[in-house]
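# Summary of structural features
Here is how the chains run, residue by residue.
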Amino acid sequence: MATIYINPYDISKTGFYAEDIASYAKGMEAADFEEAEIDYIDGDSPKLFAACGINQSNLDIWYADLDHLADADDEAIAIRYLLDTGLSLDDAIGRADEVQIHHGTAEDFAQDLIEETTDMSAIPDVIQYHIDWTGIARDMRLNSEITEVEYGIWVVNCYDF
């Protein structure tokens, strides 16, 4: 659960803290201001909060759909990636389950993909030892087939977006 601070634009006013939509609504009801900035104070998802551009108009989406996620969760990583591609927040939330995430190196992904989609027993061992997994992974990166979104975290179905 995230703690946010409702920081009024009018510097002569005092803001308040909220931890859910009910405490936000209660605070706004008692507040003597209407417009405020929403500041992320504490929780497990500051990157997601910032990427989503949370403000007064979409705070309900945060608490309904996103507050339970931590930045390290695959769903949060997927939503941040989709927002970076230009999708709206609603579309990113709706399509997050379509994003395929790989944790590890690009070389590991290239090797796993080829071994899962190829009958490796049909390839002689002498040839298997010379497969250039690093080169294959480099080509996948250059072709934008895979994208590193954080160190060691890859989106591996980039062409779908």
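Note: the structure precedes this text.
Notes on the structure in this doc start here. (Residues numbered from 1 in each chain as written. Predicted model: local features only at pLDDT ≥ 70, side-chain atom pairs only at ≥ 80, totals over all residues. Heavy atoms only, no water.)

Here we take up the environment of Ile 77. Along the chain, Ile 77 falls in helix α4 (residues 74-84). Taking the C-alpha atoms as reference, Ile 77 lies 8.8 Å from Glu 150; in sequence the two are 73 residues apart. (Helix = DSSP H or I, 4+ residues; strand = E, 2+ residues; numbered from the N terminus.)

The next subject is unusual backbone geometry. For Ser 144, which is not glycine, the phi torsion reads 60 degrees and is therefore positive. With respect to the secondary-structure elements, Ser 144 resides in the loop between α8 (133-142) and β5 (147-150). Take Ser 144: its relative accessible area is 40%, and that puts it in the partly exposed class. (Buried < 20%, exposed > 50% of the residue type's maximum accessible area, 1.4 Å probe, protein only.)

Our next topic: the packing of helix α6 (residues 106-117) against α8. At a minimum axis separation of 8 Å, α6 and α8 run at an interaxial angle of 100 degrees. By the criterion of interaxial angle, the relationship of α6 to α8 is roughly perpendicular. Facing Ala 106, Glu 107, Phe 109, Ala 110, Gln 111, Leu 113, Ile 114 and Glu 115 of α6, the residues of α8 in contact are Trp 133, Thr 134, Ile 136, Ala 137, Met 140 and Arg 141. A breakdown of the residues in the contact of α6 with α8 according to their chemical character gives nine nonpolar, two polar and three charged. (Axes fitted to C-alpha atoms, helices over the stretch in contact; angles between N-to-C directions. Parallel < 35°, antiparallel > 145°, perpendicular 65-115°, else oblique. Contact = heavy atoms within 4.5 Å. Nonpolar A, V, L, I, M, F, W, Y, C, P; charged D, E, K, R; others polar.)

Glancing now at the pairing of strand β1 (residues 3-8). Of all six residues making up β1, five are buried, and the element is well covered by its neighbours. Alignment of β1 against strand β2 (residues 16-18), held across three bridges, turns out to be antiparallel. Bridge assignment links Ile 6 to a residue of β2, and that residue is Phe 16. (Pairing = 2+ DSSP bridges.)

What follows concerns the sheet that holds strand β3 (residues 36-42). Strand order in the open sheet formed by three strands is β2-β1-β3, and the pairing between neighbours is antiparallel. Each edge of the sheet is formed by a strand with only one pairing partner; in this case those strands are β2 and β3. The sheet shows a mean angle of 30 degrees between the axes of neighbouring strands, taken without regard to direction. Across the sheet, helix α1 (residues 21-30) lies against β1, β2 and β3, angled at about 155 degrees from β2, the strand it touches most.

Attention now goes to α8. Every buried residue of α8 is accounted for by Trp 133, Gly 135, Ala 137 and Met 140. Looking at the buried side of α8, the elements it contacts are α6.

Let's shift gears to the pattern of salt bridges. In this structure the tally under the stated criterion is six salt bridges. Asp 32 is paired through a salt bridge with Lys 13; the nearest N and O atoms lie 3.4 Å apart. One end of the pair, Asp 32, is in the loop between α1 and β3; the other, Lys 13, is in the loop between β1 and β2, and 19 residues separate them in sequence. With a relative accessible area of 53%, Asp 32 lands in the exposed category. (Salt bridge = Lys/Arg side-chain N within 4 Å of Asp/Glu carboxyl O.)

So, about a negative patch on the surface. On the surface, a cluster of negative charge is made up of Asp 60, Asp 65, Glu 75, Asp 90, Asp 91 and Asp 97. Looking at where Asp 90 falls in the secondary structure, it is placed in helix α5 (residues 89-95). The exposure class of Asp 90 is exposed, given its relative accessible area of 52%. (Patch = residues over 30% accessible without salt bridge, like charges linked within 9 Å, V, L, I, M, F, W, Y side chains within 5 Å. Areas by Shrake-Rupley, 256 points an atom, 1.4 Å probe, with all protein chains shown as cover. Lys, Arg positive; Asp, Glu negative; His and termini not counted. Charge placed at Lys NZ, Arg CZ, Asp CG, Glu CD.)

Moving on, we come to the sheet that holds strand β6 (residues 153-155). Working definition: the strands of a sheet are paired by backbone hydrogen bonds and lie parallel or antiparallel to each other. The strand order β4-β6-β5 describes an open sheet built from three strands, whose pairing is antiparallel. Across the chains shown, the open sheet's two edge strands, defined by having one partner strand only, are β4 (101-103) and β5. The average undirected angle you get between the axes of adjacent strands in this sheet is 35 degrees. Pairing between β4 and β6: three bridges, direction antiparallel. Residue pairing for β6: His 103 is matched across the bridge by Ile 153. Relative to β4, α4 is tilted by about 120 degrees, and along the sheet it contacts β4, β5 and β6.

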